[in-house]
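# Remarks on the overall topology
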Amino acid sequence: MGERARDRAREVAALRLGLDLGMTLIDTAEMYADGEAERIVGEAIAGRRDEVFLVSKVYPHHGSRRGVVAACERSLARLGTDRLDLYLLHWRGDVALSETVAGFEELRDAGRIRDWGVSNFDRRDMEELLALPGGARCAANQLLYHLDCRGIEWDLEPLCRGHGVAIMAYSPLDEGRLLRDRRLTALAEREGVTPAQLALAWLLAKRNVAVIPKTGAAVHVHDNHGALSVELSPAMRTEIERSFPPPKRASPLKMI
Ligand SMILES: NC(=O)c1ccc[n+]([C@@H]2O[C@H](COP(=O)([O-])OP(=O)(O)OC[C@H]3O[C@@H](n4cnc5c(N)ncnc54)[C@H](OP(=O)(O)O)[C@@H]3O)[C@@H](O)[C@H]2O)c1
């Protein structure tokens, strides 16, 4: 969002429609459209901040103690709010993790963020983080996770779950590619739901997983909202496992 000025009104409207329907988690980042995505979110949530669970992310190169605090203040200004519900390190960079944790904790003590977490952290990064003083306060790890990308189920998701770290499944539709996958379209047709609803319902049924599809189109907001009412039958679950099998071994973390 925020890439093209002509799409702005449509994107703001899509976010507001999502809120109207009760889809109240909004994920953004200082990186997206160079701050413009945060401004669009700010416009969409103006006057309704309390309805929203607001998530943003800091660039790794802003990951020093002072850098994190300064970046957060800039994000808050663009978002037109005084606090984030969750603030994430976008991916692992070169700055010492202890610095980033110190910045996050400073922001938490000041009430500027309610919780903090990470994104694109593989098992070894998580282990290193959890061993740091205060590192176990990490609330979430945002990861690429969808039907056709299940590598995290091998050991990363269990590790996170064991430490009370929530998973946020990003690109849950594989940036739209999944919706054209014949395995998915066939299963969705049989179940009488749309491909997006099947892909999202599969993730939503998982414990400890939040799901953050992106759309700037009202018709897709309604479609994705419908996933909340889809209950997958045991037979359909078996079919899904057959078509999109879980991992059989460890693999490097995939990211976009
Ligand atoms: N932490 C990270 O490193 C990271 C990386 C990537 C993404 N993310 C987060 O994850 C969010 C979602 O990921 P994403 O945008 O990469 O991919 P996505 O949500 O898997 O897919 C978005 C694409 O699917 C389309 N779409 C959405 N709902 C649809 C529906 N019901 N029917 C047909 N098409 C539909 C959208 O087009 P329309 O807009 O036209 O509907 C868009 O082209 C991002 O907004 C971001 O917040 C995080």
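Quick look at the structure, then. (Residues numbered from 1 in each chain as written. Predicted model: local features only at pLDDT ≥ 70, side-chain atom pairs only at ≥ 80, totals over all residues. Heavy atoms only, no water.)

### A few points about the packing of helix α1 (residues 8-20) against helix α2 (residues 36-45)
Just so we agree on the cut-off: For every element, the axis is a line fit to its C-alpha atoms; helices are fit only across the contacting stretch, and the angle between N-to-C directions ranges from 0 to 180 degrees. Where helices and strands are cited, they refer to DSSP runs of H or I of at least four residues and of E of at least two residues respectively, numbered from the N terminus. Geometric relationships in this document are graded by angle, where less than 35 degrees denotes roughly parallel, more than 145 denotes roughly antiparallel, 65 to 115 denotes roughly perpendicular, and other angles denote oblique. Should the near helix be turned anticlockwise from the far one by less than a right angle, the crossing is left-handed, and should it be turned clockwise, the crossing is right-handed. Throughout, a contact is declared for two residues whenever any of their heavy atoms are within 4.5 Å. Here the term charged refers only to Asp, Glu, Lys and Arg, the term nonpolar to Ala, Val, Leu, Ile, Met, Phe, Trp, Tyr, Cys and Pro, and the term polar to all other amino acids, Gly among them.
Closest axis-to-axis distance for the α1/α2 pair is 9 Å, and the angle between their directions is 50°. Classed by the angle they form, the pair α1 and α2 counts as oblique. α1 and α2 meet at a crossing whose hand is right-handed. Contacts from Arg 8, Glu 11, Val 12, Leu 15, Arg 16 and Leu 19 of α1 reach α2 at Glu 36, Arg 39, Ile 40, Val 41, Glu 43, Ala 44 and Ile 45. Per-class residue counts for the contact of α1 with α2 are 7 nonpolar, no polar and 6 charged.

### Examining the sheet that holds strand β5 (residues 140-144)
The following threshold applies: A pair of strands is treated as paired once DSSP finds two or more bridges between them.
Spatially, the 7 strands line up as an open sheet ordered β1-β2-β3-β4-β5-β6-β7, and their pairing is parallel. Two strands close off the open sheet at either side, each with one partner strand: β1 (25-27) and β7 (209-211). Between one strand axis and the next, the sheet turns by 25° as a mean value, whatever way the strands run. Bridge count for strand β2 (residues 53-58) against strand β3 (residues 84-89) is 4 bridges, and the pairing is parallel.

### Some remarks on the site of the ligand
The criterion, for reference: By convention in these notes, a residue is near a molecule or strand provided one of its non-hydrogen atoms lies within 4 Å of it. Here a polar contact means two N or O atoms within 3.5 Å. Within protein one must be a hydrogen donor candidate and the other an acceptor candidate, and residues neighboring in sequence count only if both atoms are side-chain atoms. Accessibility throughout is a Shrake-Rupley quantity obtained with a 1.4 Å probe, and a residue counts as covered only by protein chains that appear here. Both site types are read off a 1 Å grid over the protein atoms alone. A 1.4 Å probe that fits but cannot get out defines a cavity, while an open set with protein on both sides within 12 Å along at least five of seven lines defines a pocket; lining residues have an atom within 4 Å of a point. More than half of a molecule's atoms lying within 2 Å of a cavity's or pocket's grid points is what places that molecule inside it.
Inspection of the region around the ligand gives 24 residues, with Asp 27, Leu 173, Thr 215, His 220 and Asn 224 positioned closest. The contact in question runs from an oxygen atom of the ligand to an N or O atom on the side chain of His 90, over 3.4 Å. At 2.5 Å from an oxygen atom of the ligand is found a side-chain nitrogen or oxygen belonging to Thr 215. Within the complex, the protein chains bury 81% of what would otherwise be the 900 Å² of accessible surface of the ligand. In this structure, the ligand is accommodated by the largest pocket.

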